[in-house]
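# Observations on the model geometry
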Amino acid sequence: MLDSRHIRTFHEVVSTGSYTAAARSLGYTQPAVTQQIRALEREAGVPLFTRDGRRMRLTEAGETLARHAEVILGNLGAAKQQLQALARLRAGRVRVCAFPSANATLIPEAMAGLLAEHPEIRVELQEAEPPESVNRLLAGECDIALSFSYPGMLGTELPPELVEIRLMEDLLTVLLPVGHPLARRHAVRLAELAQARWIAGCPRCRATFLHVCADQGFEPDIVVTTDDNLALQSLVAAGVGLAVAPSLVLSFLSHRQVTGRALEPHVRRQVSALVLRDHLALPATALVLDGLRRAGAARVGC
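The structure reproduced in this document is the subject of the present report. Predicted model only: the values in this text are computed from it and were never measured. (Residues numbered from 1 in each chain as written. Predicted model: local features only at pLDDT ≥ 70, side-chain atom pairs only at ≥ 80, totals over all residues. Heavy atoms only, no water.)

## With respect to the overall build of the chain
A tally of regular secondary structure across the chain gives 11 helices and 12 strands. Computed over C-alpha atoms, the radius of gyration of the chain comes to 26 Å, more than 25% over the 19 Å expected from 2.2 N^0.38 for 302 residues, which places it beyond the range of a compact globule. Its C-alpha atoms give the chain principal-axis dimensions of roughly 80 × 50 × 30 Å. Burial status across the chain gives 44% buried among its 302 residues. Counting contacts in the chain only where the partners sit at least 6 residues apart, residues at least 24 apart contribute 74% of the total. For the chain, the separation between the mean place of its 32 positive charges and that of its 31 negative charges on side chains is 4 Å. (Helix = DSSP H or I, 4+ residues; strand = E, 2+ residues; numbered from the N terminus. Rg over C-alpha atoms; globule rule 2.2 N^0.38 Å. Buried < 20%, exposed > 50% of the residue type's maximum accessible area, 1.4 Å probe, protein only. Contact = heavy atoms within 4.5 Å. Lys, Arg positive; Asp, Glu negative; His and termini not counted. Charge placed at Lys NZ, Arg CZ, Asp CG, Glu CD.)

This is the structure:
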C-alpha cells in the first residue's frame, strides 16, 4: 500500500521541481522529504527519480505515479470533506447549494416550515448553477445540491453515488414588453417570433432554447446573453429583445414593464434535489429534503 503522506510529498516534489522547494512548501526539512521519497520508492518497488547532472528527472515509474497522484490526492480530499460533512450533518448543520431562482423561492419556503418544527436545524446556503452545484456536492463542499435539467439534455446522467429527489416541473414562459401585440394572448407560439431579437439566459437554458427554436425551423437572433435575471427583464422592458425564462423566476422577480406568457410548444425543466446516497438517511438531511419536497409540491403547475 502507498502511504498518502508520501504521495503528497512526491506530488509536491514534482510540482516544485526539487526536494528543497518541496520542503520549503510543505514546512519540512530537506532530509525529511528525502526520507519520504525513499520510503515511497520502497513501497512502489521501483525508483521514481533519477539524476541528470544537477537536475532530477522522473523515471518511467515516476511519470506513471505523477499522472495518478493528483487524482489520488483529490479523491482523498473529497473523502475527507464528506466525512467532515457527516459529523456536521449529525450536529444539524446542512449546506445547500442551489441555483439563484431556487434560492429565492424553494429554499425560503422550505426553511419557513422547517424551522417552525425543527428550530435546531442550521442551513448554510451557497449559490451555483448546475453542473457546478453537482460538482460541489461530489467534492464534499455541500450536502444537498439543487439542480435542473431539460428533456433530452445530454450529459445529465448522475454518478451512482448520488440520489435524485424530484421536486417540481417549471414551465418556460416568453417575456414580452408591456404593450407588445402578442401580450394580449394567453399563450404565444414560438414560431411566430422567428424574426424577433432575443436575450439569452444561463448556458443550460440557452442550449434548450436553441434546440426548441431549431425544432420550430429557425435560428434565433441572440443579441445579448446574461445570467442576471433582473438584467434580462430590464433588457426586455427596454425593447432590446424578447426572452424565455422559467416561471419560477417570474414568481419572485417581475419587472413592471414586462409580461410573461405561456410558450407553445410547452417546455418544462425538471427541478431536483441531489444528495449523496450515504447521507440520505441522516436526520438533518432528511428534514431539509422533506421541506424541499413540500415546497416543490406546493408549486405544482408552476
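## Points about the pattern of salt bridges
On inspection of all chains with the given rule, the structure shows nine salt bridges. We note a salt bridge from Arg93 to Glu124, for which the minimum N-O separation is 2.9 Å. One end of the pair, Arg93, is in strand E3 (residues 93-98); the other, Glu124, is in strand E4 (residues 122-127), with 31 residues separating them in the sequence. In this structure Glu124 comes out as partly exposed when scored by relative accessible area, which is 32%. Of the charged contacts in the structure, one is a salt bridge between Asp290 and Arg294, with a shortest N-O distance of 3.4 Å. Residue Asp290 and its partner Arg294 are located together in helix H11 (residues 283-297), separated by four residues, close to a single helical turn. Taking relative accessible area as the criterion, Asp290 reaches 33% and is therefore assigned partly exposed. Put simply, Glu117, Asp290 and Arg294 are held in one network by salt bridges that share partners. (Salt bridge = Lys/Arg side-chain N within 4 Å of Asp/Glu carboxyl O.)

## Some remarks on the nonpolar core
Counting 48 residues, the largest nonpolar core has Ile144, Leu146, Trp198 and Leu292 as the members making the most contacts within it. Taken together, the elements giving at least two residues each to this core come down to E3, helix H6 (106-117), strand E5 (144-149), strand E6 (162-177), helix H8 (203-215), strand E10 (242-246), strand E12 (268-276) and H11. Looking at which element gives the most residues to this core, the answer is E6, with seven residues. Residue contacts for Leu292: discarding those within four places in its chain leaves Leu106, Ile107, Ala110, Ile144, Leu146, Leu167 and Ala273. One finds Val13, Ala23, Phe49 and Ala69 within the second-largest nonpolar core, a separate group that totals 15 residues. (Core = buried A, V, L, I, M, F, W, Y, C linked by side-chain atoms within 4.5 Å.)

## Some thoughts on the state of the cysteines
In the structure shown here, the tally under the stated rule is zero disulfides. Cysteine Cys142 is unpaired, with the sulfur of Cys97 as its nearest cysteine sulfur at 4.9 Å. For Cys142, a relative accessible area of 2% puts it in the buried group. Cys205 supplies the cysteine sulfur nearest to Cys202, a cysteine that is in no disulfide, at a spacing of 3.2 Å. Judged by its relative accessible area of 9%, Cys202 is buried. (Disulfide = S-S within 2.5 Å.)

## Structural notes on the packing of aromatic side chains
As enumerated under the stated definition, the model contains five aromatic pairs in all. Summarising the aromatic geometry, the rings of Phe99 and Phe148 are spaced 4.9 Å apart at their centres and angled 80 degrees between planes, so their arrangement reads as edge-to-face. Residue Phe99 is located in the loop between E3 and helix H5 (100-103), and its partner Phe148 is located in strand E5; the two are separated by 49 residues in the primary sequence. As far as burial versus exposure is concerned, Phe99 and Phe148 are alike and both buried. Pairing Trp198 with Phe209 gives two aromatic rings, centres 4.8 Å apart and planes at 55 degrees, and the pair type is tilted. Of this pair, Trp198 sits in strand E8 (residues 197-200) while Phe209 is found in helix H8, placing the two residues 11 residues apart along the sequence. Each member of the pair Trp198 and Phe209 is classed as buried. Site record: aromatic cluster; members linked through ring pairs are Phe10, Tyr19 and Phe49. (Phe/Tyr/Trp six-rings, centres within 6.5 Å; stacked < 30°, edge-to-face > 60°.)

## Here we look at H8
Counted at 1.5 Å a residue, the expected span for H8 with its 13 residues is 18 Å, and the 18 Å between its end C-alpha atoms agrees. Here H8 has its buried residues at Arg204, Cys205, Thr208, Phe209, Val212 and Cys213. Here the buried residues of H8 occupy an arc of 165 degrees about the axis, which is enough to place them on one side. Away from its buried face, by an angle of more than 90 degrees, H8 presents the exposed residues Pro203 and Ala214. The secondary structure elements touched by the buried residues of H8 are E5, E8, E10 and E12. Gly217 occupies a position one or two residues after H8 and carries a positive phi of about 90 degrees. (Expected span 1.5 Å × (residues − 1). Arc of directions from axis to C-beta.)

## Points about the packing of helix H1 (residues 4-16) against helix H3 (residues 30-44)
Close contact between H1 and H3 brings their axes to 9 Å; oriented N to C, the two are set at 115 degrees. Note that H1 runs across H3; the crossing there is left-handed. Along its contact with H1, which presents Arg5, His6, Ile7, Thr9, Phe10 and Val13, the element H3 presents Val33, Gln36, Ile37, Ala39, Leu40 and Glu43. In the contact of H1 with H3, the residues fall into seven nonpolar, three polar and two charged. (Axes fitted to C-alpha atoms, helices over the stretch in contact; angles between N-to-C directions. Left-handed = near helix turned anticlockwise from the far one by under 90°. Nonpolar A, V, L, I, M, F, W, Y, C, P; charged D, E, K, R; others polar.)

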